[in-house]
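# Survey of secondary and tertiary structure
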Amino acid sequence: MVVSPSRPVATDRRSMMCRGLLAVGTAAVLTGCDRLPGGRPEARDVAEAAAMRGKVAVVRVGCGVCHVIPNVPGPRGTVGPSLAGVGNRAFVAGTLPNRPDVLAAFVRDAPALVPRTAMPPMPLDAEAARDVAFFLSTLR
Ligand code: HEC
């Protein structure tokens, strides 16, 4: 007489396989749904959040006192140039390459980069300056 333990084992294997396939299927569906234009969703969310923080900082420190800045509430000063389309420019402040790191340094302490500029140093920490630069790069 042979007592086979194979049936319960097989059932176990089958149910494990089913669970495995279900997990893979669910992951595939989720990944598919997350694939939206504009890159990986996490990267897009991070970029949007940085731009949003930058915009809030622009309002807080009052860049609008001297600049017209699209989509930013508050004053629309004309002491400095309009920042509309600044994200498309090759250079800012005449001579500085329009790179995120340079822009961040400039908005924080313009005279350190352009000694005779009329733009004053602004009360932004390094992180806020990066966010502001990121926001400016979205003005296209
Ligand atoms: C007191 C007035 C004043 C304030 C406040 C001010 N700016 Fe300026 N800004 C200027 C002037 C004037 C210029 C033009 C001089 C120059 O380009 O060096 C300028 C130039 C710039 C430029 C270069 C624009 C280009 O097209 O070349 C950027 C970018 C900029 N400012 C961003 C900001 C941001 C962001 C803030 C707030 C954090 C800010 N500014 C606050 C006066 C100001």
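Residues numbered from 1 in each chain as written. Predicted model: local features only at pLDDT ≥ 70, side-chain atom pairs only at ≥ 80, totals over all residues. Heavy atoms only, no water.

## Considerations on the overall build of the protein chain
Along the backbone of the protein chain there are five helices and two strands. Reading the protein chain from its N end, one meets helices and strands in the order α-α-β-β-α-α-α. The 140 residues of the protein chain split such that 26% are buried. If you take every contact in the protein chain between residues at least 6 apart in sequence, the share linking residues at least 24 apart comes to 38%. About 9600 Å² of surface is accessible on the protein chain, with carbon and sulfur atoms providing 65% of the total. (Helix = DSSP H or I, 4+ residues; strand = E, 2+ residues; numbered from the N terminus. Buried < 20%, exposed > 50% of the residue type's maximum accessible area, 1.4 Å probe, protein only. Contact = heavy atoms within 4.5 Å. Areas by Shrake-Rupley, 256 points an atom, 1.4 Å probe, with all protein chains shown as cover.)

## Comments concerning the environment of Arg-140
Its location among the elements puts Arg-140 in the segment after helix H5 (126-137). The spatial distance from the C-alpha of Arg-140 to the C-alpha of Arg-89 is 8.8 Å, given a sequence separation of 51 residues. In this structure Arg-140 touches Gly-85, Gly-87 and Asn-88, once residues within four positions along its chain are discounted. A polar contact of 3.3 Å, which involves the side chain of Arg-140, links it to the backbone oxygen of Gly-87. Within the structure, the side chain of Arg-140 is placed 3.2 Å from the side chain of Asn-88, a separation counted as a polar contact. (Polar contact = N/O pair within 3.5 Å; in protein donor to acceptor, adjacent residues only side chain to side chain.)

## Here's the deal with H5
Helix length check: H5 (12 residues) gives 17 Å between terminal C-alpha atoms against 16 Å at 1.5 Å per residue, within 8%. Considered for burial, the residues of H5 that qualify are Ala-128, Ala-129, Asp-131, Val-132, Ala-133, Phe-135 and Leu-136. Tucked inside the fold, the buried residues of H5 contact helix H2 (41-61) and helix H3 (100-108). (Expected span 1.5 Å × (residues − 1).)

## Structural notes on the packing of H3 against H5
The interhelical angle for the contact between H3 and H5, taken along N-to-C directions, is 115 degrees, at an axis separation of 8 Å. In this structure, H3 meets H5 at a crossing whose hand is right-handed. Contact residues: H3 offers Pro-100, Leu-103, Ala-104, Val-107 and Arg-108, while H5 offers Ala-126, Ala-129, Arg-130, Val-132, Ala-133 and Leu-136. By residue class, the composition of the contact of H3 with H5 is nine nonpolar, no polar and two charged. (Axes fitted to C-alpha atoms, helices over the stretch in contact; angles between N-to-C directions. Left-handed = near helix turned anticlockwise from the far one by under 90°. Nonpolar A, V, L, I, M, F, W, Y, C, P; charged D, E, K, R; others polar.)

## Points about the site of the ligand
In the vicinity of the ligand lie 22 residues, with Cys-63, Cys-66, His-67, Arg-89 and Met-119 positioned nearest. Side-chain polar atom of Arg-89 to an oxygen atom of the ligand: 2.3 Å apart, as the coordinates give it. In the environment of the ligand, an oxygen atom lies 2.5 Å from a nitrogen or oxygen atom belonging to the side chain of Thr-117. Applying the majority rule of atoms within 2 Å of the grid points places the ligand in the largest pocket. Elements that contribute at least two residues to the shell around the ligand include exactly H3 and H5. The element best represented in the shell around the ligand is H3, accounting for three residues. Residue composition of the shell around the ligand, grouped by class: 18 nonpolar, three polar and one charged. (Near = heavy atom within 4 Å. 1 Å grid on protein atoms, 1.4 Å probe; cavity = no way out; pocket = protein on both sides within 12 Å on 5 of 7 lines; lining within 4 Å. Sits in = over half its atoms within 2 Å of the grid points.)

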